[in-house]
Amino acid sequence: MTEAQTLLRGIHTLLTMRGERTSPDAPIPDAAVLIEGERVRWVGPESELPADLLAPDCQTRDLSGHVVLPGLINTHHHLYQNLTRCLAPDAGLFDWLRTLYPIWLRLTPEAAFVSTQVGLAELALSGCTTSSDHLYLYPNGVRLDDTVEAAQEVGLRFHATRGSMSLGESQGGLPPDRAVEREDDILRDSERVITALHDPRPLAMTRVALAPCSPFSVTGDLMRESARLARAHGVLLHTHLAETADEDAFCLARFGLRPLDYAESLEWLGPDVWFAHGVHFSQADAARLGQCGCGVAHCPSSNMRLASGIAPVRTLLEAGVRVALGVDGSASNDGAHLLGEARQALLSSRVRGTPGEAPRAADALTAYEALWLATRGGARVLGREDALGQLAPGFAADLIAVDLRDLAFAGARHDPLSALTLCGPPRVALSFVGGRPVVEGGRVTTLDLPPLLERHERLSRGMILG
């Protein structure tokens, strides 16, 4: 049976992102994309489209005035946190966490489900087609399954990470004791979710990773045993690392090691590991990360909101580190606009510098590099570069279209690539995931948002007000 075809034609500019970070491919004007089933069949100038590729029942969409590019990939998030935005607005990370932990302990299975759908809808409208999520709190019967089931209804690809906390205040950790789990229970459930939910196939909609939360909320034993369990099952590993100066001080005081040295002592270096933040990685850290193949999720908005600093992205890239973007939790961002995060990465790279010294022009990202981190970079960090992150025959039909006639792009249509990261980020007009529309006409097609948002507001008030 022939798979259904959709032809996207009349595209103002096509950005395939097939080039490497240091060797961009040229934008294609007056382009077309042919989708067949879940995959891309053909891309290129519309005038060169072979007529014999088109099935008689091929559906056609006119994308005149639009720029089309691969769907964006979010490599670090805490979706449940959109229930608790704008709390402790002037606090640094540790004080912010101490404020929020008691509120988050009111999370319920319903709240986990609803917040996942709201967060993924927000991401979809910002151009995201694949997102990870780091859920490390499981009170009141919450399970990772709640978020996976929610994501399946939305239709985005979903990397659910089974997070964990086991080091409570009484043992010298940051979270309250009632927020942590027994380590045997964590490992048992980690194995269960891998077996029940992880799909290793190239076009998988759901994958699972193991994600002990941070050096200040889990024990070294749990870090080590989680790494061994993940490797036994062939899944990835994720944690926060080198996010703040406070974390540096905590690791030195408790372990006598800086964060990356501590991670290495627990078998947490390798191509199956990606760290969130990396704000305080040194040049020597970057070299080691590049050698071992680790990835880093760069979260500029959250890092600025919490006054953590700005990650040394150029240093990491030049050392060969796999770098991608993350919006981080919607209570430390307090939004989830992935195209906006690419813009933030671009701009923050141009002001980053050593205190007391002028920023180096050499640290600046280009517009192409910012989009590359959001597409190809994300696919590399999540182990999906064989199917995601670029528009090429055989790759997943995950793509977005942005209307260049939007007010935000007035005066910038002559350079669509730069417009996407330099101009104010709009909602996307169209989004396909696996050849299926998730956003059309700037609206999420898979959810009825008004009643969902009313339900979300009720749950949010209940958590915040107690």
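See above for the structure.
Residues numbered from 1 in each chain as written. Predicted model: local features only at pLDDT ≥ 70, side-chain atom pairs only at ≥ 80, totals over all residues. Heavy atoms only, no water.

(A) How the structure looks around the packing of aromatic side chains. Under the counting rule described, the total for this entry stands at nine aromatic pairs. Aromatic ring contacts, followed pair by pair, group Y80, W96, Y101, W104 and Y136 into a single cluster. Geometry around Y138 places R162 over its ring, the cationic atom sitting 4.0 Å from the centre. (Phe/Tyr/Trp six-rings, centres within 6.5 Å; stacked < 30°, edge-to-face > 60°. Lys NZ or Arg CZ within 6 Å of the ring centre and 35° of its normal.)

(B) Up close: the environment of A4. Checked against the element boundaries, A4 lands in the segment before β1 (5-14). As a C-alpha pair, A4 and G234 span 230 residues in sequence and 33 Å in three-dimensional space. (Helix = DSSP H or I, 4+ residues; strand = E, 2+ residues; numbered from the N terminus.)

(C) The packing of helix α4 (residues 183-197) against helix α5 (residues 220-233), seen in detail. It is at 11 Å that the axes of α4 and α5 come closest, and there the two elements cross at 20 degrees. In terms of orientation, α4 lies roughly parallel with respect to α5. The hand of the α4/α5 crossing is right-handed. Residues E183, I186, L187, S190, E191 and I194 of α4 form the contact with α5, whose own contacting residues are D221, L222, E225, S226, L229 and H233. Class assignment of the residues belonging to the contact of α4 with α5 gives a composition of five nonpolar, three polar and four charged. (Axes fitted to C-alpha atoms, helices over the stretch in contact; angles between N-to-C directions. Parallel < 35°, antiparallel > 145°, perpendicular 65-115°, else oblique. Left-handed = near helix turned anticlockwise from the far one by under 90°. Contact = heavy atoms within 4.5 Å. Nonpolar A, V, L, I, M, F, W, Y, C, P; charged D, E, K, R; others polar.)

(D) Geometry of helix α1 (residues 93-104). With twelve residues, α1 ought to run about 16 Å at 1.5 Å a step, and its terminal C-alpha atoms sit 15 Å apart, in line with that. Along α1, the positions that sit buried rather than exposed are L93, F94, W96, L97, L100, Y101, I103 and W104. Elements that come into contact with the buried residues of α1 comprise α6 (245-255), α9 (300-305) and α14 (449-465). (Expected span 1.5 Å × (residues − 1). Buried < 20%, exposed > 50% of the residue type's maximum accessible area, 1.4 Å probe, protein only.)

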